Number of protein chains: 4
Amino acid sequence: MSKKIKVGIIGAGTIGSVHADAYAKVANAEVVALCDILPNTLAEKAKRHNIPLKYENYKDLLANPDIEAVSICVPNDLHAPIAIDAFKAGKNVMLEKPMCLNADQARKIVKARDKSGKILQMGMVRRQSNEADIIKKLIEDGRLGEVYQIRVKLIRRRGIPGLGGWFTTKARSGGGGIIDISVHALDLSMYVTGLWNPTAVSAKTYSKFGWPIENYNYVSMWAGPPKMDGIFDVDDYAAGLIRFGDKATLSFEVAWACNAQPENAIEILGDKGGVKLEGSNIVLLTEFDNRPADIKLDYDARRDGFASELEKFIGAINGENEVPATGEQGVIMMRVLDAIYKSSDLNKEVEI
Amino acid sequence: MSKKIKVGIIGAGTIGSVHADAYAKVANAEVVALCDILPNTLAEKAKRHNIPLKYENYKDLLANPDIEAVSICVPNDLHAPIAIDAFKAGKNVMLEKPMCLNADQARKIVKARDKSGKILQMGMVRRQSNEADIIKKLIEDGRLGEVYQIRVKLIRRRGIPGLGGWFTTKARSGGGGIIDISVHALDLSMYVTGLWNPTAVSAKTYSKFGWPIENYNYVSMWAGPPKMDGIFDVDDYAAGLIRFGDKATLSFEVAWACNAQPENAIEILGDKGGVKLEGSNIVLLTEFDNRPADIKLDYDARRDGFASELEKFIGAINGENEVPATGEQGVIMMRVLDAIYKSSDLNKEVEI
Amino acid sequence: MSKKIKVGIIGAGTIGSVHADAYAKVANAEVVALCDILPNTLAEKAKRHNIPLKYENYKDLLANPDIEAVSICVPNDLHAPIAIDAFKAGKNVMLEKPMCLNADQARKIVKARDKSGKILQMGMVRRQSNEADIIKKLIEDGRLGEVYQIRVKLIRRRGIPGLGGWFTTKARSGGGGIIDISVHALDLSMYVTGLWNPTAVSAKTYSKFGWPIENYNYVSMWAGPPKMDGIFDVDDYAAGLIRFGDKATLSFEVAWACNAQPENAIEILGDKGGVKLEGSNIVLLTEFDNRPADIKLDYDARRDGFASELEKFIGAINGENEVPATGEQGVIMMRVLDAIYKSSDLNKEVEI
Amino acid sequence: MSKKIKVGIIGAGTIGSVHADAYAKVANAEVVALCDILPNTLAEKAKRHNIPLKYENYKDLLANPDIEAVSICVPNDLHAPIAIDAFKAGKNVMLEKPMCLNADQARKIVKARDKSGKILQMGMVRRQSNEADIIKKLIEDGRLGEVYQIRVKLIRRRGIPGLGGWFTTKARSGGGGIIDISVHALDLSMYVTGLWNPTAVSAKTYSKFGWPIENYNYVSMWAGPPKMDGIFDVDDYAAGLIRFGDKATLSFEVAWACNAQPENAIEILGDKGGVKLEGSNIVLLTEFDNRPADIKLDYDARRDGFASELEKFIGAINGENEVPATGEQGVIMMRVLDAIYKSSDLNKEVEI
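Here is what the cut-offs are and how they apply
Residue positions are counted from 1 within each chain, in the order its sequence is given. By the order in which they are written, chains take letters starting at A while ligands take numbers starting at 1. Note on the predicted model: pLDDT of at least 70 is required for a residue's local features to be given, and 80 or more for side-chain atom pairs to be given and counted; whole-chain, interface and lining totals, by contrast, use all residues. We count a stretch as a helix when DSSP gives it H or I for four or more residues in a row; a strand needs E for two or more, and each element gets its number in order from the N terminus. The size measure is the radius of gyration over C-alpha atoms, and the globule rule it meets is 2.2 Å times the number of residues to the 0.38 power. With C-beta atoms placed from the backbone, a residue is buried if 20 or more other C-beta atoms are within 10 Å of its own, exposed if 12 or fewer are, and partly exposed between those counts. By the convention adopted here, residues make contact when the C-beta atoms placed from their backbones lie within 7 Å. In this description, strands pair whenever DSSP reports at least two bridges between them. Simply put, an axis is a line fit to the C-alpha atoms, just over the touching stretch for a helix, and the angle between two N-to-C directions goes from 0 to 180 degrees. When an angle is under 35 degrees it counts as roughly parallel; over 145 it counts as roughly antiparallel; between 65 and 115 it counts as roughly perpendicular; any other value is oblique. Ten residues, namely Ala, Val, Leu, Ile, Met, Phe, Trp, Tyr, Cys and Pro, are considered nonpolar, four, namely Asp, Glu, Lys and Arg, are considered charged, and the remaining ones, Gly among them, are considered polar. Each copy is superposed on the other by least squares, with the fit set by C-alpha atoms of residues at a pLDDT of at least 70 in both. We call a crossing left-handed when the near helix sits turned anticlockwise from the far one by less than a right angle, and right-handed when that turn is clockwise. Seen with its strands pointing away from the viewer, a crossover is right-handed if its path from the first strand over the helix to the second goes clockwise. Definition of nonpolar core: a set of buried Ala, Val, Leu, Ile, Met, Phe, Trp, Tyr and Cys residues joined via C-beta atoms within 7 Å. Here the limits of each domain have been adopted from an automatic or database domain assignment. Expected helix span is computed as 1.5 Å times (number of residues minus one). Note: pLDDT gives the predictor's confidence per residue, expressed from 0 to 100.

### Observations concerning the overall build of chain A
Okay, step 1: The secondary structure content of chain A amounts to 10 helices and 15 strands.
Okay, step 2: For 352 residues, the compact-globule formula gives about 20 Å, and the C-alpha radius of gyration of chain A, at 20 Å, lands near that figure.
Okay, step 3: Once the C-alpha set of chain A is aligned to its principal axes, its extents read approximately 60 × 55 × 35 Å.
Okay, step 4: Scored against the burial criterion, the 352 residues of chain A give a buried share of 57%.
Okay, step 5: In chain A, of all internal contacts separated by at least 6 residues, the share reaching a separation of at least 24 is 73%.

### As for the sheet that holds strand β6 (residues 120-122) of chain D
All names here are of chain D.
Okay, step 1: Read across the sheet, 6 strands follow the order β3-β2-β1-β4-β5-β6 without closing on themselves; strand pairing throughout is parallel. Looking at the sheet topology across the chains shown, the edges are occupied by β3 (53-55) and β6. With direction set aside, neighbouring strand axes in the sheet form an average angle of 25 degrees.
Okay, step 2: Two elements, strand β2 (residues 29-35) and β3, share 3 bridges in a ladder whose sense is parallel. Bridge pairing in β3 places C35 opposite Y55.

### Here we look at the packing of helix α5 (residues 103-116) of chain C against helix α10 (residues 327-346) of chain C
All names here are of chain C.
Okay, step 1: In the contact formed by α5 and α10, the axes pass within 8 Å of each other and the chain directions differ by 170 degrees. By the angle between their axes, α5 is roughly antiparallel relative to α10. Facing A103, A106, R107, I109, V110 and R113 of α5, the residues of α10 in contact are G327, E328, G330, V331, M334, R335 and D338.
Okay, step 2: Of the residues that constitute the contact of α5 with α10, the class distribution is 6 nonpolar, 2 polar and 5 charged.

### Observations concerning the relation of the copies chain C and chain D
Okay, step 1: Aligned on chain D, chain C shows an RMSD of 0.0 Å; the corresponding rotation is 180 degrees and the shift along the axis is 0.0 Å. Accordingly, the operation relating the two chain copies is best matched by a two-fold axis. For chain C, the smallest separation between a C-alpha atom and the rotation axis is recorded for E349 of chain C, amounting to 2.9 Å.
Okay, step 2: When the interface residues of chain C are mapped onto chain D, 100% of them again fall at the interface, so both copies present the same face.

### Details of the packing of helix α8 (residues 177-193) of chain D against helix α10 (residues 327-346) of chain D
Residue and element names in this part refer to chain D.
Okay, step 1: Put simply, α8 and α10 touch, their axes get as near as 11 Å, and they point 130 degrees apart. Considering their axes alone, α8 and α10 lie oblique with respect to each other. When the axes of α8 and α10 are compared, the crossing they make is right-handed. On α10, the residues that touch I178, I179, V183, L186 and D187 of α8 are M333, V336, L337 and I340.
Okay, step 2: For the contact of α8 with α10, the per-class residue count stands at 8 nonpolar, no polar and 1 charged.

### Here's the deal with the interface of chain C and chain D
Okay, step 1: The interface of chain C with chain D comprises 41 residues on the first partner and 41 residues on the second.
Okay, step 2: Put simply, the parts of the chain that give the side of chain C that touches chain D at least two residues each are β7 (147-155), β8 (200-206), β9 (237-244), β10 (248-255), β11 (263-270), β12 (274-278), β13 (281-288) and β14 (291-297) of chain C.
Okay, step 3: Take the side of chain C that touches chain D: its biggest share by element is 5 residues, from β9 of chain C.
Okay, step 4: Considered class by class, the residues forming the side of chain C that touches chain D number 13 nonpolar, 12 polar and 16 charged.

### Some words on unusual backbone geometry
Okay, step 1: Cis geometry marks the peptide bond from K97 of chain D to P98 of chain D; its omega dihedral reads -15 degrees.
Okay, step 2: Backbone torsion omega between G224 of chain D and P225 of chain D reads 0 degrees, so that peptide bond is classified as cis.
Okay, step 3: Structurally, the position occupied by P225 of chain D is in the loop between β8 (200-206) and β9 (237-244).
Okay, step 4: Backbone geometry places N50 of chain B, a non-glycine residue, at a positive phi of 60 degrees.

### Points about the environment of A132 of chain D
Okay, step 1: Along the polypeptide, A132 of chain D turns up in helix α6 (residues 130-140).
Okay, step 2: Excluding residues within four positions of it along the chain, A132 of chain D makes contact with R126, R127, L188, Y191 and V192 of chain D.

### Overview of the relation of the copies chain B and chain A
Okay, step 1: At an RMSD of 0.0 Å, chain B and chain A line up after a rotation of 180 degrees and a shift of 0.0 Å along the axis.
Okay, step 2: Taken together, the interface assignments show that 100% of the residues at the interface of chain B recur at the interface of chain A, consistent with an identical surface on both copies.

### Comments concerning the pairing of strand β5 (residues 92-95) of chain C
All names here are of chain C.
Okay, step 1: Burial along β5 is two-sided: the residues N92 and M94 and V93 and L95 are all buried.
Okay, step 2: Note that strand β4 (residues 69-72) and β5 share 4 bridges and pair parallel. What sits directly across from I72, in β5, is L95.
Okay, step 3: As paired strands, β5 and strand β6 (residues 120-122) are joined by 3 bridges and run parallel to one another. The residue of β6 that forms the bridge with L95 is M122.
Okay, step 4: In this region the chain leaves β5, passes through α5 and returns to the parallel neighbour β6; the handedness of that crossover is right-handed.

### A word on the environment of D236 of chain D
Okay, step 1: As for its position among the elements, D236 of chain D is in the loop between β8 and β9.
Okay, step 2: Separated by 59 residues in the primary sequence, D236 of chain D and G177 of chain D have C-alpha atoms spaced 5.6 Å apart.

### A word on the interface of chain B and chain A
Okay, step 1: Between chain B and chain A, the contact holds 41 residues from the first and 41 residues from the second.
Okay, step 2: Sorting the residues of the side of chain B that touches chain A by element identifies β7 (147-155), β8 (200-206), β9 (237-244), β10 (248-255), β11 (263-270), β12 (274-278), β13 (281-288) and β14 (291-297) of chain B as the ones contributing at least two each.
Okay, step 3: Considering each element in turn, the side of chain B that touches chain A owes the most residues, 5 residues, to β9 of chain B.
Okay, step 4: Classifying every residue of the side of chain B that touches chain A gives 13 nonpolar, 12 polar and 16 charged.

### A word on the nonpolar core
Okay, step 1: Formed by 491 residues in total, the largest nonpolar core has its most connected members in A83 of chain A, A83 of chain B, A83 of chain C together with A83 of chain D.
Okay, step 2: For A83 of chain A, the contacting residues outside a window of four places in its chain are I72, V93, L95, I109 and A112 of chain A.

### Let's talk about the domain arrangement of chain A
Residues and elements named next belong to chain A.
Okay, step 1: When cut into domains, chain A gives domain 1 (5-126 + 306-321) and domain 2 (127-303 + 334-351).
Okay, step 2: Between domain 1 and domain 2, the C-alpha centre-to-centre distance is 26 Å.
Okay, step 3: On the domain 2 side, the residues contacting the 16 residues of domain 1 number 18 residues.
Okay, step 4: If you list the elements that add at least two residues to the side of domain 1 that touches domain 2, you get α5 (103-116) and α9 (305-317).
Okay, step 5: When the residues that make up the side of domain 1 that touches domain 2 are grouped by side-chain class, the tally is 9 nonpolar, 3 polar and 4 charged.

### Quick look at the sheet that holds strand β3 (residues 53-55) of chain B
Residues and elements named next belong to chain B.
Okay, step 1: Strand order in the open sheet made by the 6 strands is β3-β2-β1-β4-β5-β6, with parallel pairing throughout. The outermost strands of the open sheet, each flanked by one partner alone, are β3 and β6 (120-122). Sheet twist, expressed as the average angle between the axes of neighbouring strands with direction ignored, equals 25 degrees.
Okay, step 2: In this fold helix α1 (residues 14-23) packs onto β1 (5-10), β2 (29-35) and β4 (69-72), with an angle of close to 165 degrees to the strand it touches most, β1.
Okay, step 3: Lying over the sheet, helix α2 (residues 39-49) contacts β2 and β3, oriented at roughly 165 degrees with respect to β2.

### Structural notes on helix α5 (residues 103-116) of chain D
Residue pairs three or four apart in sequence face the same way in an α-helix, which turns once every 3.6 residues.
All names here are of chain D.
Okay, step 1: Here α5 is 14 residues long and its end C-alpha atoms lie 20 Å apart, about the 20 Å a rise of 1.5 Å per residue gives.
Okay, step 2: Within the sequence span of α5, burial applies to A103, Q105, A106, I109, A112 and R113.
Okay, step 3: Summarising the contacts, the buried residues of α5 are in contact with α4 (79-88), β6 and α10.

### What about the pairing of strand β7 (residues 147-155) of chain A?
All names here are of chain A.
Okay, step 1: Across the 9 residues of β7, 9 count as buried, placing the element largely inside the fold.
Okay, step 2: With 8 bridges connecting them, β7 and strand β11 (residues 263-270) associate as antiparallel partners. Its bridge partner being in β11, I155 is matched across the sheet by E263.
Okay, step 3: One ladder, built from 7 bridges, connects β7 with strand β10 (residues 248-255); its direction is parallel. Residue pairing in the sheet places R151 in a bridge with S251 of β10.

### Observations concerning the confidence of the model for chain A
Okay, step 1: Counting all residues, the mean pLDDT for chain A is 96, and 100% of those residues have values of 70 or more.
Okay, step 2: Predicted as a complex, the structure gets a pTM of 0.95 and an ipTM equal to 0.96.

### Thoughts on the environment of V125 of chain B
Residue and element names in this part refer to chain B.
Okay, step 1: Tracing the sequence through the fold places V125 in the loop between β6 and α6 (130-140).
Okay, step 2: V125 sits 211 residues away from V336 along the chain, and the two C-alpha atoms are 19 Å apart.
Okay, step 3: If sequence neighbours within four positions are ignored, V125 has contacts with G305, F306 and E309.

This is the structure in structure tokens:
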């Protein structure tokens, strides 16, 4: 029989609030504790989400034996240390994306999980979308045949988040657009195709728009406004090619900011058919009436992916389902991201 | 004073006819001879274009001392031998794209040109378009700032030309979509940006749709219909990344056939602005009223590029202008194409 | 000096919640009461929004002398009776769109307002958007010259709301897509252009997809799921032409459901320039570098229009600003909507 | 047995050349005569198309008893007098679009045809396209169900033809964009749907961009350059609604020039499905995998419609097929065009 799990959320920023709202829809979850180093934020969010226990130090939260699970919703550089401490404290861990700063840290997180015997789930929320289900089924049903090429385009015109803050400070974030936004599209691509064997990357990243901060001309900013005395030392544009052995490739272009029209698309090309996910449109490239045809499929794009992923996290703790996004997959993702940055630094292709 | 140049056209297929029509608009050109190995085609086209001299063997045409210039409009494998013979015969050479099968041949053509002292012009007709002028001027005027990324997308749904014929037979064509269609976009990109220093390529090509020939489902075919007993051993999809030293990259996706929606775009991204050429639309990415803005510019897209390039070819012979597309640039292009195929064969990045 | 206004919200459905959230951002507003005829909804929403007073009968809420203002967020047929009762009770009224079922009711509401001397504000939330400000300024600055044509396209593929419920029951809603969604676009068009003199309408409405209810094939439904034993007797498609005297026209196509690709656009054409609002994209049709050019302007699309309109409602009560959307304009809108339906019934043009 | 028909072409401008090229592909047609009032044009075109007989006066051409059929390719105001004279001379008549200046003239042409017993075919070339066949078949196969709404959008940014010449002089052309370009789309719409019973029109035309001629800012001009001392007294924008009894409507927006983005689309909406023809793209709005779906169908868009229509014209003369576009349909079209202009002049809906 499934039991109610007491949860603590570490990090009370935007994404911490998203988790709080989503846990509210999960029958077997009860958010009992919230942690943030900023007392005002902590008080305000605890009140808004009606969370009884407040901690300014995550170690105190981890020391509470009633709490069985934690959502880690903090800046990227804190993912690994807090996750490892959480496993040491015997907690199950829901870890937001990106997993951490690099593959070394990712392996240590998995090692800590193994030592603890607890659950680790990655915050790959796009896998929980209706479009992920539809595309995965199209592929499993053989509609695409053999997949050989994936095209990822995530192009923002002026979309640097929190300019000058932790997002744009490499020591805290691990990088820019690549680590922040490509992670969802790359994960979704590998998830629906099963291509979990990336072998080499040739990439180049650029950093053109965030510095000097006062010159950045934008119309709105996630996690803004800019900190004028802050740092911008990360990528705002990247392009590259990932090889999956000798059978498939993935080309990507990812920009927080550039002088190109916005794009948000993943295309998966097979020898029998193809699929394009553009924004929330799904187009199936196939045949109809014996002609080549592009079919835009209507579907319900409004599913709450966070509620779905947290439902599965709680389910995994209760032994009712598998973890939908594993630490092992997270390690693969971090190895890819490491290789992208390394390839750019060396200005040549590198193995993963 | 400029004089009238007598011209012979070698190859009376579609592109040969295009040259004949275009020379008719060039005041100082007189097409006096046509050559084709197919007697019927030769007779029909000579009549249509009102060309007096007919040759079935190009060597006979080259032996005519009145002819000062030739347009070479034959399958790719014949480009090098005919061009070299033409220079040996003291002719000026207008050579259709692609230059030839590979960089080795290309260098031999240039060597033959140097020995002859005659003019060699490459058939890079898109440089003669109004859009090329507009984009080149935008870049020269500094509207884009420093260019660091170029994006080339040439995606056809089912667009293999002459399936089973010389286009799809590697020994005759040198390759598929890459050598046939990417050549225009890569040349235009390097021409308008001045980025003539490609240093490395990481690419992968695929061959999925042309074989078996009877299974190919298409709605129309350039140079068709298919030869059912012919060969298809070339690429119909390719993706890759070209490095220009450490300062710029070009990502490309080129398909004769695939399960993706058609695209035909070149985007050039600079730190001050960007430009997108999509079909015949030019969009300038810049600022307007102090906001980031995308500006679609109206212009006359209907200039006859062939007449323009042949005008310049005749002008170059008469010493009135420079050759607009040189053999040296042609060699660079063939080195890039060679490297794309080599990178795919080796499944890793290669230097150019 | 501005004072804090005590507010009651009548109707605790989706739009009532939107008002509650928005009032929370208005410094001088305090939501003290909520009303709904459904006890469960009332209890749940009052708790969620932390509203102390709960009423099942709106007359009881109106009888509370502490309440100075009400937001009316109920089905359309109740707009007029509740608004009139509210004015009789001396309340200021924020009235959601559409104003009511027809122009007769609308005039009665305005008469009740005049008798009470209180404030009436219409829920024309799109006027509060950043795009409305930008477009209005473009027009006022003369960028468009004289406006002569407006084009409104609001096309949904399968977007009937609450099929079988009050939305699709003419006696309760007054109509379908026309009264539900065209109202925003028509109001915005007249607001930014100042064309408040519609004189005639030629229109036709259709009703093709909502009946029989069980045959309706949809992927998601606002205010759903369908009530299988409900009514659908309203329009799901309409097209027409509105004349503004002899100088300007507005063409519209509005569909809750049809077999056309979705569109959401307002275009305003002048003799000097034009503007297109498509989704949240603003394109200015003008000249650039002496060429005709289409300029997509970046701007912040994320302003909370509801908070803005409620701020102004409270401000108007405190005498600090004008009402941004008046009852008189609401009457004009209802006359247009009446005329659209009448023109369709008579199958000919009618005067407004 | 079908016999070879001797043809004369009256009018040696652009469209006359198109007919000459197209007749060259029709086995049973032999163009023996060409007529133009401009001696230079006549000589040049007769040479280019290899046409033996040249006439400066069409009456002399009509007097040649060997000629059995004529193509009339002259300015609109000459359509009726020449067509009527041709029938009097016992010729079969291929009449370019628009049929003439107004319905009165159209009826006289049909009367002359009836008196002569000869063939009259209208130049509705778009009916001969592959897309017309595909869409007509979709409708006949019941894929759309009952058609109730047609949407025609023909929007040019700056596309006035021959500004200052006969195109823009109402006495010679009959009107502007409406009579020049809407005619194809309206005819195609009525042809594929069978809706030949237009009953009323509510429309408004505008004239904003062609005058004064020297202020017109354009990038290319069909039949240009402008005649600076010419006339512009026709419509460059029109919008309206056509009723087909009580069951269907057609909304149109047609512009030679305006400040809106270019569009070229016909949409046909039925209760079972819809079809959109945009440029040369066909999209079928239907269901796929039980979901609402938009299906872009690939097809060969490159059929030569002129050769096809002239083939049928010759075939009709030889009694081998029906005329594909009749004079009766032409009269209906002219009644619609008349009504559009009349509705605009009266500023109210008119019956057709």
